[in-house]
Amino acid sequence: MKWHKTRKGQQAIVIVCFVAVPLLLLMLFTYIPFGQMVQYSFFKMNYLTPPDKREFVGFKNYIDVFTRDDCFKALKLSAYYCVGALFQLALALFLATILSFKVKGGNVFKGMMFFPYLISGIAIGFIFKFFYTRGFVFDSILQMIGFDLENLPYWLKDQRVNNWSLVATSVWRYFGQNMVLFIGAIMSVDAELYEAASLDGANKWQQFRHIILPSIKTIVTLNVILSITGSLSAFEPPYVITGGGNGTGTYFVIMNEIAHVTQKVGLASAMAVVLLIIIFACTILQKAFFKYVFRDADSTDESYSAKKARKSRMRLGRKESGR
């Protein structure tokens, strides 16, 4: 009975109280709704169907996800956004490497590139809706540099280019966020490593490959995972700019339409579960891939400092043998 008055007892009570509230909220607003969603995915129902009137259909909803044209085609559209995400990461890493060192006007450029991330996705959607409209901003810019309006495609209607137009919108918005994360990681690398590499005759590409990239592997992995999962769940650009029309309806747009327009809650729940499984599988594969790519960075024997020390010992050994 006196335990709760002791220092350890009070510490334990405080820890339990601080942990219990977040866990309770997480359980209440995340795990229980997720469990309900998985349960709904096995039924044919809408929002107003009473529990005793719901029709159990087993895995039929999951089969429909891969057999219905609208669902499966929407899933394939994620490939466009994945390609855009990889291009965005490569460009962000390239510019972050340059801006991590003293560059004239670098801070202004960083602020300009990061600013789109601060704007609401709905506002960006309306901006680019007018930007891509026939005869408006983008077409006017292209006409100024010599293109004929009659030869330009309809950026939001032509199915050959409309998805790439929407991907460019996402790249423009999230590019600055990835760049800033890369810059923060690169600036944390010890500057003495660059000096030692320069003395050993390493060029900029070798410094990037053997010093910068292994040192920021955690941020690279994190950015790739966030970008790929974000690509699979793209929603705002196609929903606001095109409304999902002309073949631009992504997986989330179609799922929203099925859930809230046609009110096929069971099918929409199955789509959400399938997307969760795909994201989970992609995350595991990405982590395994980067673990393989950066396997030398985890080895003390293959680190840059270890290689430098080994070369120094070899030089010293040659001098002593020469004597």
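These figures come from a predicted structure and were not determined experimentally.

1. Section: the packing of aromatic side chains
- Within this structure, the stated rule accounts for 19 aromatic pairs.
- Each ring, one from Phe114 and one from Tyr117, has its centre 5.7 Å from the other, and the planes form 45°; the classification is tilted. Here Tyr117 and Phe114 lie together in helix α5 (residues 106-118), a separation of three residues that amounts to about one turn.
- Of the aromatic side chains, those joined through ring pairs into one cluster are Phe128, Phe131, Tyr132, Phe138, Trp155 and Trp172.

2. Notes on the packing of helix α6 (residues 121-132) against helix α8 (residues 162-187)
- Two elements in contact, α6 and α8, have axes whose closest approach is 11 Å; the angle formed by their N-to-C orientations is 135°. Classified by the angle their axes make, α6 and α8 are oblique. Here α6 and α8 pass one another in a crossing that is right-handed. Across from Gly121, Ile124, Phe128 and Tyr132 in α6, the residues of α8 making contact are Ser165, Ala168, Thr169, Trp172 and Arg173.
- When its residues are assigned to classes, the contact of α6 with α8 shows five nonpolar, three polar and one charged.

3. Structural notes on the pattern of salt bridges
- Tallied over the full model, the rule gives four salt bridges.
- With a shortest N-O distance of 2.6 Å, Arg68 and Asp70 are connected by a salt bridge.
- The class for Arg68 is partly exposed, based on a relative accessible area of 25%.
- By relative accessible area, Asp70 is classed as partly exposed at 29%.
- In this structure, Asp158 engages Arg160 in a salt bridge whose closest nitrogen and oxygen atoms are separated by 2.7 Å.
- Among the residues examined, Asp158 registers a relative accessible area of 18% and is labelled buried.

4. Brief notes about helix α1 (residues 7-40)
- Helix length check: α1, at 34 residues, gives a terminal C-alpha distance of 48 Å against a target of 50 Å (1.5 Å per residue), a fit within 8%.
- A side-chain oxygen of the first residue of α1 lies 3.2 Å from the backbone nitrogen of Gly9; this N-cap is Thr6.

Reading the values: rules and limits
- Residues numbered from 1 in each chain as written.
- Predicted model: local features only at pLDDT ≥ 70, side-chain atom pairs only at ≥ 80, totals over all residues.
- Heavy atoms only, no water.
- Phe/Tyr/Trp six-rings, centres within 6.5 Å; stacked < 30°, edge-to-face > 60°.
- Helix = DSSP H or I, 4+ residues; strand = E, 2+ residues; numbered from the N terminus.
- Axes fitted to C-alpha atoms, helices over the stretch in contact; angles between N-to-C directions.
- Parallel < 35°, antiparallel > 145°, perpendicular 65-115°, else oblique.
- Left-handed = near helix turned anticlockwise from the far one by under 90°.
- Contact = heavy atoms within 4.5 Å.
- Nonpolar A, V, L, I, M, F, W, Y, C, P; charged D, E, K, R; others polar.
- Salt bridge = Lys/Arg side-chain N within 4 Å of Asp/Glu carboxyl O.
- Buried < 20%, exposed > 50% of the residue type's maximum accessible area, 1.4 Å probe, protein only.
- Expected span 1.5 Å × (residues − 1).
- Polar contact = N/O pair within 3.5 Å; in protein donor to acceptor, adjacent residues only side chain to side chain.

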